Each structure stands twice: as C-alpha cells, then as structure tokens.
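Spelled out, the chains give:
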Amino acid sequence: MKLLRAILVRLATMSVTLIGAAVVVFFVIRVVPGNPIAMMLPPGASEEDIARLTAHYGLDKTIFQQFGIWLSGVFQGDFGTSISLRQPVMPLVLGRLPATLELAIFALVIAVVIGGALALTGVRHRETRTETAVDVANGVGLSIPDFLWALILIVLFGVLMPIFHISGRISPSLDLPFVTQFYVFESLFRLRFDLWWDLLKHMFMPALALAIPLAAIISQLLKQSLKETMHLDYVTLSRTKGYSENHVILSEALPNAVLPTLTLIGVQFTFLIGGTVIIERLFSYEGLGNMAIDAVINRDLPLIQGIVIVFALLFTIINLVVDMTYALLNPRLRHA
Amino acid sequence: MSAFLTVHNLSAVLHGFDQRVLRSVSFSIDTGEVLGLVGESGAGKSMIGKAILGILPSAISIIEGEILLDGQDLQKMKPADRRRLIGATAALIPQDPLTALNPSRRIEPQITNRLVDILGWIKSDARVRAMELLNEVHIDNPERVMASYPHELSGGMRQRVLIASAFAANPKLVIADEPTTALDVTVQKQILRLIRELQARHSTAMVFVTHDLGVVSKVCQRLSVLYGGKIIENSSVPDFFQGPKHAYSRALLAATPKYTDPDASLLPVDEAVIEAVAAEVLAADKEWRHGA
Ligand SMILES: Nc1ncnc2c1ncn2[C@@H]1O[C@H](COP(=O)(O)OP(=O)(O)OP(=O)(O)O)[C@@H](O)[C@H]1O
Ligand SMILES: [Mg+2]
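Residues numbered from 1 in each chain as written. Chains lettered and ligands numbered in written order. Predicted model: local features only at pLDDT ≥ 70, side-chain atom pairs only at ≥ 80, totals over all residues. Heavy atoms only, no water.

A. Focus on the overall build of chain B. Assigned secondary structure in chain B consists of 11 helices and 10 strands. The globule rule puts the C-alpha radius of gyration for 292 residues at 19 Å, and the 20 Å found for chain B is close to it. Taking the principal axes of the C-alpha coordinates as reference, chain B spans close to 60 × 50 × 40 Å. Residues classed as buried in chain B amount to 48% of the 292 residues present. Carbon and sulfur atoms make up 54% of the accessible area of chain B, which amounts to about 13400 Å² in all. Separation between the mean location of the 31 positive side-chain charges and that of the 33 negative ones in chain B comes to 5 Å. (Helix = DSSP H or I, 4+ residues; strand = E, 2+ residues; numbered from the N terminus. Rg over C-alpha atoms; globule rule 2.2 N^0.38 Å. Buried < 20%, exposed > 50% of the residue type's maximum accessible area, 1.4 Å probe, protein only. Areas by Shrake-Rupley, 256 points an atom, 1.4 Å probe, with all protein chains shown as cover. Lys, Arg positive; Asp, Glu negative; His and termini not counted. Charge placed at Lys NZ, Arg CZ, Asp CG, Glu CD.)

Now the structure itself:
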C-alpha cells in the first residue's frame, strides 16, 4: 500500500517535470530570435514562398495555438515533423538516442572504474605519498572541464600519438549487419567482436573526455567517505576479528561509504549526458547531442522540442533508478 | 596457572610529539582472571586495549616493550599471523553498541563472520553456534534477531549481540572497554551480570576498562590504576578497597559515590594529589630517558 502510494507520487512528479520541461522549451525557443523558414529557403525566396511554408509548419498561428496543436499531437505520439530534415521527429530522435546512451554509459563505466580505483588506492595507502598523488590527480581532473579534456585528448591521441579514432562512431568502410541502433550491445550479441572493437576504439576518446571530471568527483567523495567510515567502531571491531586491511576496506567500509557517492553519481550522470552535446560535436559522433546542435543552428523548432523531451525523460528515469538503488542498498530505508 | 596475557614495559608515542601516551606499562592476566583498568578520562585505558588488539590509531606507535599473548610476542610476529592469532584468541566488547555493528548487514553474519572467514567453520555450524550464543546472552527469539538489522534492535539488545559475538570463538582473552557506559542504568546491571556470567563460565581472562570503582569491586579480582599512561598502582581488589597504597588511588576511591555518604563524592580530587602524581609521572619519564 505504502509502496503503491510512493510509486504514484513518483509518477505524478515525473509527469509534472516533463510537462514543465515541455512548456519551458516550447516558449523559450520561440522567444529567441531566428526564423526557421528563412534558414531553409535559398536567399532571395519570394514573400509568397515564405508565407506558404510558414503556414505549412503552422508558424503563422499564435504561440498558444501552436502549443495546443503540438501538445495534442504529443498525446497521440506525434511530435511533429523536423523542418530541416523533413521527417517525423520521434523516429529521428529515437534513431540517435542509442548512440548517445552507449557513449554515456561507457563514460560512466570508465568514470566509476577510474574513480573507484583511485579512491580505494588512496584509502589503502592513506596518509602516504600515494594518497597525495591521488589528491593531485583528483584536483587536475576536476579543474579541467570535459570539452577541454576532449581537445587535450584529440591532440594527444589523435594527432601526436594516433592510437585511437577521434572522429565518428564506427569506421565507414565496415559493413554493418545491425538492426538496432545499439551497435555496441548488438555487436556483442552477434559475437562480432571486430565491430565491437572498432566501436570501442571510436568511443574511447569522447567517453574518456566525459569520464575524467566525473571520475575525479567520484574518487574525491568516495575516498572522503571511506576514510570517515574507516574510523567507525564497527570497522575497528572487524579488525580485531582478524581481517586484513583489504577485506576491512572492501567488505566492511565500502558498502556503507558508497551510498553518498551513489546519489552523487546519479546527479552527475545527468550532467554527463548534458556534456555529450558538445563532446559529440567535437568528435563528430553521430548521437543525439550532435543532432541537437544542428537542430539549434537550423532553428528546427519541432526537432529541438523532441530532443529536449527525450533528454528530460531520460533524466527523470535516471533519478528514479538512483533512488531505487539507494533504497535497495540501504536497509534503514528498505524497512522504513 | 600461567599468565595468558603479559604486557611488559610497554611504551607508545604519538607521532610528532616527544611525550609518551603509554609509559612503560606492565601487567599480566591469568586465565579466568579479571583485571580492572581504572583512571580518569584520557589516562590511556582504551589505548592499552587497542595496543593489545592491534588497533592503535595510525598516529600512535609502540616504541618498546612486549605484549605476550598465549606466550607469543605480538611485536615479533608477521602482521598477518598476528591478526589471525588475535582474531582467534582475543575479542573486544566495545563501548558503544549503537556504532559497533555494521548498519548494512544483518546480525547473523556479524556474529558468525569470524568463525567462517577466519577460523574456517562451515556456515551451518557457525549458525548453530550463533543460536547457542544468543541463548547464552538471554535473547528469547534468536532466529528473529539473527535476521534483523542493527537499527531494528534496542541498545541493550545490541550490546547482548556484541557480547555474543565477542564470545563466539571461545576467546581466551576478552577486552571490555566500558561496555555499559552507553546504556541506561537498568540495562547496565543486566549487561554487567551477563559479562560476568559468560566470563566465569568460559574461564576467560578479561581486561575490564571502567571509570567506576563500584563496578570493579563486583567484577574484578585485581586492578591497575592509570594516570597519564602510567600504571600508578597494581593491587588485588580486596587490598585496594581495604586501603590503596598510592595517594592518587585514595583520592580516586574517595571520589567514588557511596550510598552512605553521597555528598563526600562530590568533592573534586585534591589538586595537590594531582600535582604530585603528575610530577611522579614526569620524574619517571626523566629516568626512562636516561636509561634509553
Ligand atoms: N587517535 C588519536 N590520536 C592522537 N591521540 C590520541 C588518539 N586517541 C587517543 N589519544 C590520546 O591518547 C590518550 C589516551 O586516550 P584513551 O582513549 O586511551 O583514554 P581513556 O583512558 O580510554 O579515556 P576515556 O575514559 O575517556 O575513554 C589521551 O590523552 C588521548 O588524547
Ligand atoms: Mg576509553
């Protein structure tokens, strides 16, 4: 009963968030200057042509009428037609979403692995030079934003030591057997490790650029809470039972110390997804973020709206998953 | 009867400071015997327990002396062997039952983990043993308690669990560091009786750290009075309560509440006595430096 209520409350807040995002983006992009129709037509198009196209896309109506039309379409699953690409918005957006999701998840995995390893190393060797080195690494990771990391990585591993690809999602010469857009997952599923490896080699640089700042944040917070936990009585008590330092850190301290980091990862992961917009551009990676920039340049209002809605939905889902994981891992909440 | 634990001439320092936090501490405990460690706050009572159990804070290290546990010199052992020996033969009953249990783990593994992970018991045997122990500490529904998380139990209940966990591997030595201070008065008595009962039944050697001389008279056979990390007086309990040898001990005894004369205990310890004992500690330090 309690659970049911919690779920209902949750669904309600999620809907409010989505509607809020829809309203804000709809009105804001219509307030900023720039005419999508003018962007489409060659210079010197007649007044008549402009008026005809404007009417075709419904842009001659008042802003509230436009909103009403758009919203009623949305409830029927129709997000309108892209002005610049002349195709329905939703299939376009959903076609690009998997590429961005794969990039973001890969970046998250890298961040958790690097951040976790740094934090554990720092705690295992606390109050030594190793911990200082970890602190320095965290400081560097945090003080440089992801897009600058992207440029640094492009120069280092794309130009000076060209070991990784710095452009695109997969080598264009390859034949692709994929039926979904989740190339990385599908290549694994089909046991096509050659394709999988090519994808990873393309994804690694942009994912690393996205991951470094997050890795530093994870490392910093996790190390801090681990160090605090290591002083707690139950950790000390487990030492007297004969456990090694490694065991004490990994199985007594870590499960409790990880909770605040988990919440933080949830919040930061949404920022990371926001970061894909610029990173995908820098690495010519064909994801949703890259599409978003094109949409903005072309003043493609329906496409911008569609992308924003999908991003907003993604963020609310991530928050939900984080909260559920937190409740699952924390027995005090589980029984509350 | 031979001493199960011998601490000989043990000194420890805080890094970066010249002063010792433990000053040539020596004592020994026989199997089945309870030694009380008393002294004011900061005297180093917990520090002695931590040194024995190998859990000194990283800023504090032992600079001289021996700790012989079951005849083995802990200082000379490899860290992994030392940990195992301590885990297999000694146990701690901590001060604060609210913080001494891992909040994200059920009670059962917190009682049985030493048996399974360190001593190599099989899980089902360890479980049977845990049930037995919870019965011994007078918990009526051991099944339910074992499946609970710490936050679902009261403070007194948790201390019972911690006592059960301490006695799980039939330790030869138990260190109880103010095991009742965090509990309310009615529960204190039960827990004290329980510790005494288990100690007697298993003939455990025990170090009992406390502020309360009244408790010492009930639980311990001998006691050591500490001041500034130095043992001021070693005595048997009957002798001590007949009349302590050291002026500081007398002052400490006088400051203990008595039912017959409650007002007397409200007087602070005489400053002259404190100064004298502090001077004595410093003089001993000087002598120690010359010797070293
Ligand atoms: N982590 C630490 N770092 C530095 N000094 C410490 C640390 N822990 C304790 N000390 C110092 O060591 C001395 C002995 O402390 P200890 O905890 O053994 O006192 P205690 O006799 O147990 O007191 P209490 O009755 O308050 O528990 C104190 O002077 C204290 O300031
Ligand atoms: Mg203490």
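B. Spotlight on the pattern of salt bridges. Throughout the structure, instances matching the rule amount to 22 salt bridges over all chains. For A:Glu245, the salt bridge is made with A:Arg126, and the minimal N-O distance between the two is 3.1 Å. Placement of A:Glu245 in helix H11 (residues 245–282) and of A:Arg126 in the loop between helix H5 (89–124) and helix H6 (129–143) is noted, with a sequence separation of 119 residues between them. Taking relative accessible area as the criterion, A:Arg126 reaches 22% and is therefore assigned partly exposed. Put simply, B:Arg20 and B:Glu64 hold a salt bridge, and the shortest N to O gap is 4.0 Å. Highlighted residues: B:Arg20 in strand E2 (residues 20–30) and B:Glu64 in strand E4 (residues 60–69), separated in sequence by 44 residues. You can call B:Arg20 buried: its relative accessible area is 4%. Put simply, A:Glu131, A:Asp135, A:Lys223 and A:Lys227 are held in one network by salt bridges that share partners. (Salt bridge = Lys/Arg side-chain N within 4 Å of Asp/Glu carboxyl O.)

C. Representation of the site of ligand 1. All names here are of chain B. Around ligand 1, 13 residues are found, and the nearest of them are Ser41, Gly42, Lys45, Ser46 and Met47. Lysine 45 places a polar side-chain atom, nitrogen or oxygen, 2.8 Å from an oxygen atom of ligand 1. Within the backbone of methionine 47, a nitrogen or oxygen atom sits 2.8 Å from an oxygen atom of ligand 1. Taking 640 Å² as the accessible area of ligand 1 by itself, protein coverage stands at 64%. Among the elements that make up the shell around ligand 1, the one with the highest residue count is helix H1 (residues 45–53) (three residues). When its residues are assigned to classes, the shell around ligand 1 shows five nonpolar, five polar and three charged. (Near = heavy atom within 4 Å. Polar contact = N/O pair within 3.5 Å; in protein donor to acceptor, adjacent residues only side chain to side chain. Nonpolar A, V, L, I, M, F, W, Y, C, P; charged D, E, K, R; others polar.)

D. A look at the layout of surface pockets. What the largest pocket holds in volume is close to 1300 Å³. Together, 42 residues line the largest pocket, and A:Arg239, B:Gly54, B:Ile55, B:Leu56 and B:Pro57 are the ones closest to its centre. Those elements that provide at least two residues to the lining of the largest pocket are helix H9 (193–230) and helix H10 (233–240) of chain A together with H1, E4, helix H2 (79–89) and strand E7 (173–177) of chain B. Grouping the amino acids of the lining of the largest pocket by side-chain chemistry returns 18 nonpolar, 13 polar and 11 charged. (1 Å grid on protein atoms, 1.4 Å probe; cavity = no way out; pocket = protein on both sides within 12 Å on 5 of 7 lines; lining within 4 Å. Points joined across faces, edges and corners; volume = space filled by probe spheres on them.)

E. Highlighting the sheet that holds strand E9 (residues 222–227) of chain B. Residue and element names in this part refer to chain B. Strand order in this open sheet of six strands is E6-E7-E8-E3-E9-E10, and the pairing throughout is mixed. Only two strands of the sheet have a single partner each, and these edge strands are strand E6 (90–93) and strand E10 (230–236). Averaged over all neighbouring strand pairs, the angle between strand axes comes to 20°, with direction disregarded. Bridging between E7 and strand E8 (residues 205–209) involves five bridges; their strand directions are parallel. (Pairing = 2+ DSSP bridges. Axes fitted to C-alpha atoms, helices over the stretch in contact; angles between N-to-C directions.)

F. Geometry of the nonpolar core. Among the nonpolar cores identified, the biggest contains 90 residues, and B:Leu5, B:Phe27 and B:Leu173 are the most heavily contacted of them. Excluding anything up to four places from it in sequence, B:Leu5 contacts B:Phe27, B:Ser28, B:Ile29, B:Ile52, B:Ile67, B:Leu68, B:Leu69, B:Leu173 and B:Val207. (Core = buried A, V, L, I, M, F, W, Y, C linked by side-chain atoms within 4.5 Å. Contact = heavy atoms within 4.5 Å.)

G. A look at the interface of chain B and chain A. Across the boundary between the two partners, chain B contributes 26 residues, which contact 21 residues of chain A. The junction of chain B with chain A conceals about 2100 Å² of combined surface from both sides, 53% of it contributed by carbon and sulfur atoms. A per-residue breakdown of the area chain B buries against chain A is headed by B:Ile55, B:Arg83 and B:Pro103, which together make up 23% of the total. At the boundary of chain B and chain A, one finds one salt bridge. (Buried area = accessible area lost by both parts, 1.4 Å probe.)

H. Spatial organisation of the environment of B:Leu98. Residue and element names in this part refer to chain B. Mapped onto the elements, leucine 98 comes out in the loop between E6 and helix H3 (107–118). Through-space distance from the C-alpha of leucine 98 to that of histidine 151 is 8.3 Å; in sequence the pair is 53 residues apart. Setting aside its immediate chain neighbours within four residues, leucine 98 contacts Gly155 and Arg158.

I. A look at a nonpolar patch on the surface. On the surface, A:Ile152, A:Val155, A:Leu156, A:Val159, A:Leu160, A:Met161 and A:Ile163 cluster together to form a nonpolar patch covering roughly 620 Å² of accessible area. In this fold, A:Val159 is placed in helix H7 (residues 146–160). (Patch = residues over 30% accessible without salt bridge, like charges linked within 9 Å, V, L, I, M, F, W, Y side chains within 5 Å.)

J. Molecular detail of the packing of H5(A) against helix H13 (residues 301–329) of chain A. Residues and elements named next belong to chain A. Where H5 meets H13, the axes come as close as 10 Å, and the angle between the chain directions of the two elements is 45°. Compared by their axis directions, H5 and H13 come out oblique. For the pair H5 and H13, the sense of crossing is right-handed. Residues Val89, Met90, Leu92, Val93, Leu97 and Leu101 of H5 form the contact with H13, whose own contacting residues are Pro302, Leu303, Gly306, Ile307, Val310 and Leu314. Looking at the contact of H5 with H13, its residues break down into 11 nonpolar, one polar and no charged. (Parallel < 35°, antiparallel > 145°, perpendicular 65-115°, else oblique. Left-handed = near helix turned anticlockwise from the far one by under 90°.)

K. Representation of empty space enclosed by the protein in the model. With the rule as written, the count across this model stands at one cavity of 30 Å³ or more. In this structure, the largest cavity is lined by 15 residues; those nearest its centre are A:Tyr234, A:Leu237, A:Lys241, B:Ala100 and B:Gln110. At the level of elements, H10 of chain A together with H3 and helix H6 (155–167) of chain B are the ones that each hand at least two residues to the lining of the largest cavity. A class-by-class count of the residues in the lining of the largest cavity yields seven nonpolar, five polar and three charged.

L. Focus on the pairing of E4(B). All names here are of chain B. Where strand E1 (residues 3–14) meets E4, eight bridges bridge the pair, whose relative direction is antiparallel. Bridge pairing in E4 places alanine 12 opposite isoleucine 62. Pairing of E4 with strand E5 (residues 72–73) involves two bridges; the strand directions are antiparallel. Each residue of the ladder has a partner; that of leucine 68, found in E5, is aspartate 73.

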